Amino acid sequence: MPVRPILSPLRAHVSGGRAKGPDLHSWLWVSLLFSALWGQASLQCPDSCHCAWDTATVLCSDAGLREVPEGIPPETVSLHLERNYIRNIPESAFSDLVHLRDLYLSHNRIDSLASGALRHLGPELRLLDLSHNQLRQANREEFGSTRAKTRLYHNPWHCDCALQELMETLNLEPETVNGIICESSGEHAGQPLVKLLDSGVNFCSLQRKTTDVAMLVTMFVWFFMVIVYVVYYVRQNQAEARRHLEYLKSLPSPRKTPAETDTLSTGF
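These numbers come from a predicted model, not from an experiment.

Here we come to the overall build of the protein chain. Counting its secondary structure elements, the protein chain contains seven helices and eleven strands. A burial count over the protein chain gives 32% of its 268 residues as buried. When contacts within the protein chain are restricted to residue pairs at least 6 apart in sequence, those whose partners lie at least 24 apart make up 41%. Within the structure as shown, the protein chain displays about 17,900 Å² of accessible surface, and the carbon and sulfur contribution to it stands at 58%.

Right, let's talk about unusual backbone geometry for a bit. Phi angles above zero are rare outside glycine, and S48 is one such case at about 70°. Mapping S48 onto the fold places it in the loop between helix 2 (21-42) and strand 1 (50-52). With phi around 60°, R83 is a residue other than glycine that occupies positive phi space. Looking at the secondary structure, you find R83 in the loop between strand 3 (78-80) and strand 4 (88-89).

All right, on to the nonpolar core then. With 45 residues, the main nonpolar core has L79, L81, I89, F94, L103, L130 and F143 as its most contacted residues. Elements supplying a minimum of two residues to this core: helix 4 (161-169) and helix 5 (193-198).

Within the open sheet, the seven strands sit side by side as 1-2-3-5-7-8-9. Their pairing is mixed. With partners counted over all chains shown, the strands left at the sheet margins are strand 1 and strand 9 (171-172), one partner each. When strand 3 meets strand 5 (residues 102-104), the two strands line up parallel, connected through three bridges. By the bridge assignment, S78 is partnered in strand 5 with D102.

To continue, consider the state of the cysteines. All told, the structure shown has four disulfides when counted by the stated rule. Through a disulfide, C49 is tied to C60; the S-S separation comes to 2.0 Å. Here the S-S torsion is close to 110°, and the disulfide linking C49 with C60 is therefore right-handed. Note that C49 is positioned in the loop between helix 2 and strand 1 and C60 in the loop between strand 2 (57-59) and strand 3, a separation of eleven residues in sequence. The exposure class of C60 is buried, given its relative accessible area of 0%. Each bonded cysteine in the protein chain gets a number by its place in the sequence, and the pairs come out as 1-3, 2-4, 5-7, 6-8.

Applying the stated rule across the entire model yields zero aromatic pairs. Taking the ring centre of Y85 as reference, the NZ or CZ of R66 above it sits at 5.4 Å.

Residues V226, Y229, V230, Y232, Y233 and V234 make up a contiguous nonpolar surface patch of roughly 600 Å² in combined accessible area. Its place among the elements puts Y229 in helix 6 (residues 203-250).

Attention now moves to the pattern of salt bridges. Counting across every chain of the model gives six salt bridges. The partner of D129 in a salt bridge is R151, and the shortest N-O contact between them spans 3.2 Å. Highlighted residues: D129 in strand 7 (residues 127-129) and R151 in strand 8 (residues 149-151), separated in sequence by 22 residues. On the accessibility criterion, D129 (5% relative accessible area) is buried. Members of the salt-bridge network, linked through shared partners, are D129, R151 and E173.

On to the confidence of the model for the protein chain, then. Of the residues in the protein chain, 69% have a pLDDT of 70 or more, and the chain-wide mean is 78. Contacts of residues 1-22 to residues separated by more than four positions or lying in other chains number 14 contacts, the stretch itself having pLDDT below 50. For residues 34-42, every residue scores under 50 in pLDDT, and the model assigns this stretch one contact once sequence neighbours within four places are set aside.

As a further point, take the side chain of T150. Within the element layout of this structure, T150 appears in strand 8. A polar contact is formed between the side chain of T150 and the backbone oxygen of A148, at a distance of 2.9 Å. Contact partners of T150, with chain neighbours within four places excluded, come to L128, F143, L170, N171, L172 and E173.

Cut-offs applied
- Residues numbered from 1 in each chain as written.
- Predicted model: local features only at pLDDT ≥ 70, side-chain atom pairs only at ≥ 80, totals over all residues.
- Heavy atoms only, no water.
- Helix = DSSP H or I, 4+ residues; strand = E, 2+ residues; numbered from the N terminus.
- Buried < 20%, exposed > 50% of the residue type's maximum accessible area, 1.4 Å probe, protein only.
- Contact = heavy atoms within 4.5 Å.
- Areas by Shrake-Rupley, 256 points an atom, 1.4 Å probe, with all protein chains shown as cover.
- Core = buried A, V, L, I, M, F, W, Y, C linked by side-chain atoms within 4.5 Å.
- Pairing = 2+ DSSP bridges.
- Disulfide = S-S within 2.5 Å.
- Phe/Tyr/Trp six-rings, centres within 6.5 Å; stacked < 30°, edge-to-face > 60°.
- Lys NZ or Arg CZ within 6 Å of the ring centre and 35° of its normal.
- Patch = residues over 30% accessible without salt bridge, like charges linked within 9 Å, V, L, I, M, F, W, Y side chains within 5 Å.
- Salt bridge = Lys/Arg side-chain N within 4 Å of Asp/Glu carboxyl O.
- pLDDT = per-residue confidence, 0-100.
- Polar contact = N/O pair within 3.5 Å; in protein donor to acceptor, adjacent residues only side chain to side chain.

Now the structure itself:
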């Protein structure tokens, strides 16, 4: 934008020697314009990323990143981190992004989420994309109280009680929910989790049954060991008693003296 036309009212204001309404308005407008331009120039964009300041969008897709970059502007509304090599999400990764609405993390190598890693995401979050990663397990503590539409499909999930509770808590995207497949869950491997739950499978009750069986087995083993010890103790005591009795029998009987013999024969 040419600077001369904007500054011309300012020159008129200065040369006139007195303040005029239109000149003062132009001066304020120029000040605001320069403040906005200076503030925009002061913003920093993370390395390997492109920032669109007009839409508050940070584009870090296909950037070869191995971790969430530092220095993401706090005003970011949409953050694209898809198609990188990110493996884990630390707890403080998004703690400053209180205005974030869309978070794209698909097509990475994420296999773990720190406890509360997504807890700091504000209530404005609308979309959370974690599809096409390496997640096997997750629980409610890692996601916090987010109500964003969530994508979890195309991950090698191990279906258990924690994942079932998470499924019941999150606002999953309906058209992708059938893509949440149980990859390592015994007889349920290869089946969509939502269909298993609809058919009546309850991983939480299965876990409780497994725990009850384990407790029963532990009690049985403990009881069996007590019985074995008691039997061993009794047998050891019996063997000791027999050995002691045989020892007493092996002792020579005491010999009688001649006086005792005469006394016995004469009857005093």
